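Reading the structure
Listed below are the residues making up each chain.
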Amino acid sequence: MELLVNDSEWMRHFMVVANYLHNRRRHEQRRRQRRWWMRPMFFRREEDGNVLLQKILEEQMNDTIIKFLRMRMEDFYFLESLVLHRIQRMNTNMRHPVTARERLMITLRFLATGECYSSLQFLFRVSRQAIGKIVPDVCEALMEALQDYVKLPSTRQEWLDISKRFKQRWGFPHAIGAIDGKHIPIIVPNNAGNMYFNYKHFNSIVMLALVDADYKFLYVNVGGQGSISDGGIFRNTQLYRELENKALDIPEPEPITVPYLQKVPYFILGDKAFAFTDYCIRPYGGQNLRAIERHFNYRHSRARMPVEDTFAIFSNRFKIAKGPIYVPTDVAQKTIVTAVYVHNFLRVRISRRTATTQDIHFNREGEMPLQSLIPITNRPSERLASIRNHIANHLFFNDISGNSL
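Residues numbered from 1 in each chain as written. Predicted model: local features only at pLDDT ≥ 70, side-chain atom pairs only at ≥ 80, totals over all residues. Heavy atoms only, no water.

As for a nonpolar patch on the surface
There is a patch of nonpolar side chains on the surface, built from Val-17, Tyr-20 and Leu-21 and spanning about 310 Å² of accessible area. Using a relative accessible area of 49% as the deciding quantity, one classes Tyr-20 as partly exposed. (Patch = residues over 30% accessible without salt bridge, like charges linked within 9 Å, V, L, I, M, F, W, Y side chains within 5 Å. Areas by Shrake-Rupley, 256 points an atom, 1.4 Å probe, with all protein chains shown as cover. Salt bridge = Lys/Arg side-chain N within 4 Å of Asp/Glu carboxyl O. Buried < 20%, exposed > 50% of the residue type's maximum accessible area, 1.4 Å probe, protein only.)

Thoughts on helix α11 (residues 156–170)
Three or four residues apart is the spacing at which side chains of an α-helix point the same way, because the helix has 3.6 residues per turn. Between the first and last C-alpha of α11 there are 21 Å, a value that for 15 residues agrees with the 21 Å anticipated at 1.5 Å per step. By the burial criterion, the buried members of α11 are Trp-159, Ile-162, Ser-163, Phe-166 and Trp-170. In a view along the axis of α11, the buried residues occupy a sector of 100 degrees, so they form one face of it. At its buried positions, α11 is contacted by β1 (175–185), β2 (204–211), β3 (217–225), β4 (267–269), α14 (291–303) and α15 (305–317). Where α11 terminates, the next one or two residues include Gly-171, which has phi positive at roughly 70 degrees. (Helix = DSSP H or I, 4+ residues; strand = E, 2+ residues; numbered from the N terminus. Expected span 1.5 Å × (residues − 1). Arc of directions from axis to C-beta. Contact = heavy atoms within 4.5 Å.)

Regarding the pairing of β2
Of all the eight residues making up β2, eight are buried; the element is thus mostly covered by neighbouring parts of the structure. Here β2 shows no split at all, with Ser-204, Val-206, Leu-208 and Leu-210 on one side and Ile-205, Met-207, Ala-209 and Val-211 on the other all buried. Inspection of the sheet shows β1 paired to β2 by eight bridges, in the antiparallel sense. Residue pairing across strands places Pro-185 opposite Ser-204, the latter belonging to β2. Bridging between β2 and β3 involves seven bridges; their strand directions are antiparallel. Bridging across to β3, Leu-208 finds its partner in Asn-221. Between β2 and β3, which pair antiparallel and follow one another directly, the connecting turn spans five residues, one of which, Tyr-215, has a positive phi of 65 degrees. (Pairing = 2+ DSSP bridges.)

What follows is the structure in structure tokens.
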């Protein structure tokens, strides 16, 4: 024992451990005791929070609930019936659970306003910790219930129907969708560096979307770092791989109209961020363009309006898309995708009240990590340039109806 006491190294380690244990005991003694099991404010949830929607419905005014949840009363009830079995919880002897209606209301209000959890807890009388668990859970339930509302066409006839609609509404032949990206502001994750810092000088994730002619999403990829271009993100999606492998059953090239002989592929309309390929057509580049080329760019830009308008409708309905989103990145991705499902659900419901429309769905295949991005080729091949010139001449000389749209 005397040898150990005389050993200075051993004594130094002993003093360090003893000091740690002493400080830990003092910290435990000083730890603030919980003053209550549940904050008194949350005890009034059943009186203040659960009846909130009922008070709104008592007014019998759709305008009020539209402003609060961004949907009509009957749409909310129908959506509630779809997810009720998935989000309801059992009563216990300790306390009553947050009801399914409350859970759905909290999530829809979060999507509609983008408010932080701390703000929502005062409105619904539910703690922000509980809201942090409710929102992802309800989002999962909504995506599962609405999975039949967003998907890529699976047959040639469905692609032809989309192309026909683009021709009727936007005056552009052989268009099967419009693609673009939207930056959604976020709070940058820890240790992320500048991965999410975009050219607009804020941190964001990218929402890459393919839409049809009627403002409905056909495909969405959410979560790409804001520092990566739209074209780079597109090249790392399941959609790109299926287009490259010709796995989407897109119709074969055919003449635009009689008596043309040149066969023209069916294209996705993209801007200059996307490569010019057999399935994606972009406008002419450069400044000294001929009149035919300028006219083609105008018609092409106008036909791409559905994707810009869809982003605008989506962002105005669901303010969470305007950010910044004060949740972890994975939860932010989940909430944006859920908002996409609800957007298409409401578009279909609206169209069914006014006219018939086909359902659309969403491809939830896993996406590749955004690494080793393939560079985008700026100069199209002679064959593709010839096809674009053929379309440009057709639009300039023969498609007079499109000029008056």
